[in-house]
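Working through the structure, step by step
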Amino acid sequence: MREEIMQGIKTLLSLSSTLQDIPPRELLVGILYLSAEQRKTLRDAPDGFRRVAVETGRPVSQHLLDALMGMALIGTYAPYHETAFEVQRFALQQNWRLVTERLGDSRKHRPAWALFLKDGTAAVSIRGTDVEQSRGGDLFTDFDANAGGLPTCATGAAAHRGVLSAAQVLERELRPTLKVLAQAGYRIVLTGHSLGGAVAAVLLWLLRFGTDGERLDAPVTGIGYAVPSVVDLRTSEALRPYFTSLVNSMDAVPRLSPSALGRLARELRSCAAQSGADLDEDLNHYVERLSSVWAPRVRDGTPAPELPTVKTPTPHAADEEPHIWASHEEDEVDLYIPGNVVWLHRARGHLEAALVPCTAAPLRRLLLDKRMFEDHSARAIHQALRAVQARRDATVELPPWQKFSDAGEKCPCCGSRYEWMNTARSGKMRCHAMTNCRLCGLVVCVGCASSRRSIPEQGLDTGRVCDRCAWRGPPLPELGPLFGALAEANSDS
Ligand SMILES: [Zn+2]
Ligand SMILES: [Zn+2]
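Heads up: these notes are all about the structure in this document. All of these numbers come straight from a predicted model, not from anything done at the bench. (Residues numbered from 1 in each chain as written. Chains lettered and ligands numbered in written order. Predicted model: local features only at pLDDT ≥ 70, side-chain atom pairs only at ≥ 80, totals over all residues. Heavy atoms only, no water.)

1. Side note on the side chain of Ser 249
- With respect to the element layout, Ser 249 can be found in the loop between strand S7 (243–248) and helix H11 (258–274).
- If we ignore the near neighbours within four places in the chain, the residues touching Ser 249 are Arg 255, Trp 343, Leu 344, Arg 346, Leu 351 and Asp 375. (Helix = DSSP H or I, 4+ residues; strand = E, 2+ residues; numbered from the N terminus. Contact = heavy atoms within 4.5 Å.)

What follows is the structure in structure tokens.
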């Protein structure tokens, strides 16, 4: 079982009483087999996310991508620095100037922030919760408390209770400064990472629509990175002309809505109930393995002489839609990602960007993926944006990807069963031992795809490649010319 997935589940458990209610045995079995099932579903539809993005959304313009990249460092890294001096040094490297900050005074419902200026733009960056460090963080502790009903402002917006009170505090603090900046002709951008981005969205709403009588008469817009679902659908839609939320691929935090957590709990329970036979098979093999624990794991196969060719995957017919792509019934009181959503999604191992509605099915479902919290970090977001740009600049089409379900039982590289190095042997768990080569698209065992290399023509900084592709040389000449060349080399020396 992948360490990262277990770590991810631990974080989810700390956030959700819905998951805490599942008995431990059921939870563990559910996690083991649901993560395998989901991996298979995703790898059987290598263009599935792209298809959803095309069907429900539209492409991201270069202009918008530039804006997201341009604000990323100020919006994600900057407010996490400890001292004003460090923030200033960091900001100056990006040609921003720190004007004022409240970084040393962060407490519950009062996040730290910093104000930067650059070329007629004033950016307020709000610090979020470092989910990596705090395993959930303070504002998330009352996440479930909101499921029973959302607080509503006088003008009808409904938002996560903690985020709304944080935004109200910042509105009182920042309004006078923003007014002065607006009068001086500055464009104002509110930004932040994670909960900081959520506070930025609700603060923007308060400045635009919130307070009767005194609305900030200024061009205020916002960009949030890895923003959680914190507003109701109506508020999210009202924010669309002004606020853009970026979701990085599998990041679980933006997907932590009450209905997504409920859905995950139901799926874990039903998967646990259906996986009895697989569990028996895996446990039997585990016991066998224990009796020979010092024996090395060896590949036992012979390489298959004929290598399979990869068919271009056909999209799923609508009637056999696997549940990952299908849209769902939502809970009556539910929370959504605020504003426009730019979703960086994977297509055949590469990142692409699309502008999708906050109701898009893949944003409403928690997937048990090793990247579920990795993708949330500021560093991962910055790298992902660069990868999207690199893919746009790429010169070649992506190779077709073999589906996991077309891969048979043996790895085409080493001829062994895919799961030769696994302790579990059930067909379901096999998916954790399989991966696709980024160069030829074939499914190989993870042992045969330990090499990573840069594939600049595809726009990949670093991608897994199979041993055949990693060690492939130029075509071998006929033996006659080869000996001729050797003789020539010898006569030269
Ligand atoms: Zn292999
Ligand atoms: Zn390959």
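2. A short note on the packing of aromatic side chains
- Across all of its chains, the model carries 4 aromatic pairs by this definition.
- Between the aromatic rings of Trp 205 and Phe 209, the centroid separation amounts to 5.6 Å while the plane-to-plane angle is 55°, which identifies the pairing as tilted. Placement of both Trp 205 and Phe 209 in helix H9 (residues 195–210) is noted, with a separation of 4 residues, approximately one turn of the helix.
- With relative accessibility at 22%, the residue Phe 209 sits in the partly exposed group.
- The structure contains a cluster of three or more aromatic residues connected by ring pairs, namely Trp 205, Phe 209 and Tyr 242.
- In this structure, Arg 364 packs its charged tip against the face of Tyr 336, placed 3.9 Å from the ring centre. (Phe/Tyr/Trp six-rings, centres within 6.5 Å; stacked < 30°, edge-to-face > 60°. Buried < 20%, exposed > 50% of the residue type's maximum accessible area, 1.4 Å probe, protein only. Lys NZ or Arg CZ within 6 Å of the ring centre and 35° of its normal.)

3. Details of the coordination of the zinc ion (ligand 1)
- Every protein donor of the zinc ion (ligand 1) is listed here as Cys 411 (SG), Cys 414 (SG), Cys 445 (SG) and Cys 448 (SG), and their distances to the metal cover 2.3 to 2.4 Å.
- Read in sequence order, the donor residues coordinating the zinc ion (ligand 1) give the pattern C-x2-C-x30-C-x2-C. Remark: Cys 448 occurs in the loop between strand S11 (443–445) and strand S12 (451–455) and Cys 414 occurs in the loop between helix H13 (378–393) and helix H14 (427–430); sequence separation between them is 34 residues. For the pair formed by Cys 414 and Cys 448, the shared burial category is buried. (Donors = N, O, S within 2.8 Å, 3.2 Å for Na, K, Ca; no water.)

4. Notes on helix H6 (residues 84–93)
- Within the sequence span of H6, burial applies to Val 87, Phe 90 and Ala 91. Angular distribution of buried residues about the axis of H6 spans 100°; they occupy a single face of the element. Turned more than 90 degrees from where H6 packs its buried face, Phe 85 and Gln 93 sit exposed.
- Once H6 finishes, Asn 95 follows within two positions and takes phi at roughly 65°, a positive value. (Arc of directions from axis to C-beta.)

5. Describing helix H5 (residues 62–77)
- With 16 residues, H5 should cover 22 Å at 1.5 Å per step; its first-to-last C-alpha distance of 23 Å lies within 8% of that length.
- Along its length, H5 shows its largest kink, about 45°, at Met 71.
- Those residues of H5 that sit buried are Leu 64, Leu 65, Leu 68, Met 71, Ala 72, Leu 73, Ile 74, Gly 75 and Thr 76. (Expected span 1.5 Å × (residues − 1). Bend = angle between axes of the 7 residues up to and from the residue.)

6. Considerations on the environment of Ser 35
- Considering the arrangement of structural elements, one finds Ser 35 in helix H3 (residues 24–44).
- The class for Ser 35 is buried, based on a relative accessible area of 1%.
- In sequence terms Ser 35 and Lys 370 are 335 residues apart; their C-alpha atoms lie 9.3 Å from each other.
- Within the structure, the side chain of Ser 35 is placed 2.9 Å from the backbone oxygen of Ile 31, a separation counted as a polar contact. (Polar contact = N/O pair within 3.5 Å; in protein donor to acceptor, adjacent residues only side chain to side chain.)

7. Quick word on the pairing of strand S9 (residues 350–356)
- Of all 7 residues that make up S9, 7 are buried, and the element is covered over most of its length.
- Across the two faces of S9 the burial is the same, with His 350, Glu 352, Ala 354 and Val 356 and Leu 351, Ala 353 and Leu 355 all buried.
- Direction of pairing for strand S8 (residues 340–347) relative to S9: antiparallel, over a ladder of 7 bridges. Along S9, the bridge assignment pairs Trp 343 with Ala 354.
- Counted between consecutive antiparallel strands, the loop separating S8 from S9 contains 2 residues, among which Arg 348 sits at a positive phi close to 45°. (Pairing = 2+ DSSP bridges.)

8. Here's the deal with the nonpolar core
- Ranked by internal contacts, the top residues of the largest apolar core, which has 37 residues, are Val 124, Ile 126, Leu 178, Ile 188, Leu 190 and Leu 203.
- Of all elements in the fold, only strand S3 (113–118), strand S4 (121–126), helix H8 (161–183), strand S5 (187–193) and H9 reach the threshold of two or more residues within this core.
- At 11 residues, H9 tops the list of elements feeding residues into this core.
- Setting aside residues no more than four positions away along its own chain, Val 124 makes contact with Trp 113, Ala 114, Leu 115, Leu 174, Leu 178, Val 189, Leu 190 and Thr 191.
- In terms of nonpolar packing, the next biggest core, distinct from the first, is built from 33 residues, Ile 74, Ala 112, Ala 114 and Phe 116 among them. (Core = buried A, V, L, I, M, F, W, Y, C linked by side-chain atoms within 4.5 Å.)

9. Notes on the coordination of the zinc ion (ligand 2)
- In this structure, Cys 437 (SG), Cys 440 (SG), Cys 466 (SG) and Cys 469 (SG) serve as the protein donors to the zinc ion (ligand 2), at separations of 2.3 to 2.4 Å.
- Between the 4 donor atoms coordinating the zinc ion (ligand 2), the angles at the centre fall across 103 to 117°, so the site counts as tetrahedral.
- When the donor residues of the zinc ion (ligand 2) are listed from N- to C-terminus, their spacing reads C-x2-C-x25-C-x2-C. One end of the pair, Cys 440, is in the loop between strand S10 (434–436) and S11; the other, Cys 466, is in the loop between strand S13 (460–465) and helix H15 (467–471), with 26 residues separating them in the sequence.
- Cys 466 gets classed as buried once you look at its relative accessible area, which sits at 1%. (Tetrahedral: all angles 85-135°; square planar, octahedral: opposite > 155°, others 65-115°.)

10. Some remarks on the packing of H3 against H11
- The interhelical angle for the contact between H3 and H11, taken along N-to-C directions, is 95°, at an axis separation of 8 Å. On the basis of the axis angle, H3 is roughly perpendicular to H11. Of H11, the residues touching H3 (which contributes Glu 26, Leu 27, Val 29, Gly 30, Ile 31, Tyr 33, Leu 34, Glu 37 and Gln 38) are Leu 264, Glu 267, Leu 268, Arg 269, Cys 271 and Ala 272.
- Among the residues forming the contact of H3 with H11, the class breakdown is 9 nonpolar, 2 polar and 4 charged. (Axes fitted to C-alpha atoms, helices over the stretch in contact; angles between N-to-C directions. Parallel < 35°, antiparallel > 145°, perpendicular 65-115°, else oblique. Nonpolar A, V, L, I, M, F, W, Y, C, P; charged D, E, K, R; others polar.)

11. Considering the packing of helix H1 (residues 3–15) against H3
- Viewed as axis vectors pointing N to C, H1 and H3 meet at an angle of 130°, and their least axial separation amounts to 11 Å. Looking at the two axes, H1 sits oblique to H3. In the crossing of H1 with H3, the sense of the turn from one axis to the other is right-handed. Facing H1, whose interface residues are Ile 5, Met 6, Ile 9 and Leu 13, H3 presents Leu 27, Leu 28, Ile 31 and Ser 35.
- Grouping the constituent residues of the contact of H1 with H3 by class yields 7 nonpolar, 1 polar and no charged. (Left-handed = near helix turned anticlockwise from the far one by under 90°.)

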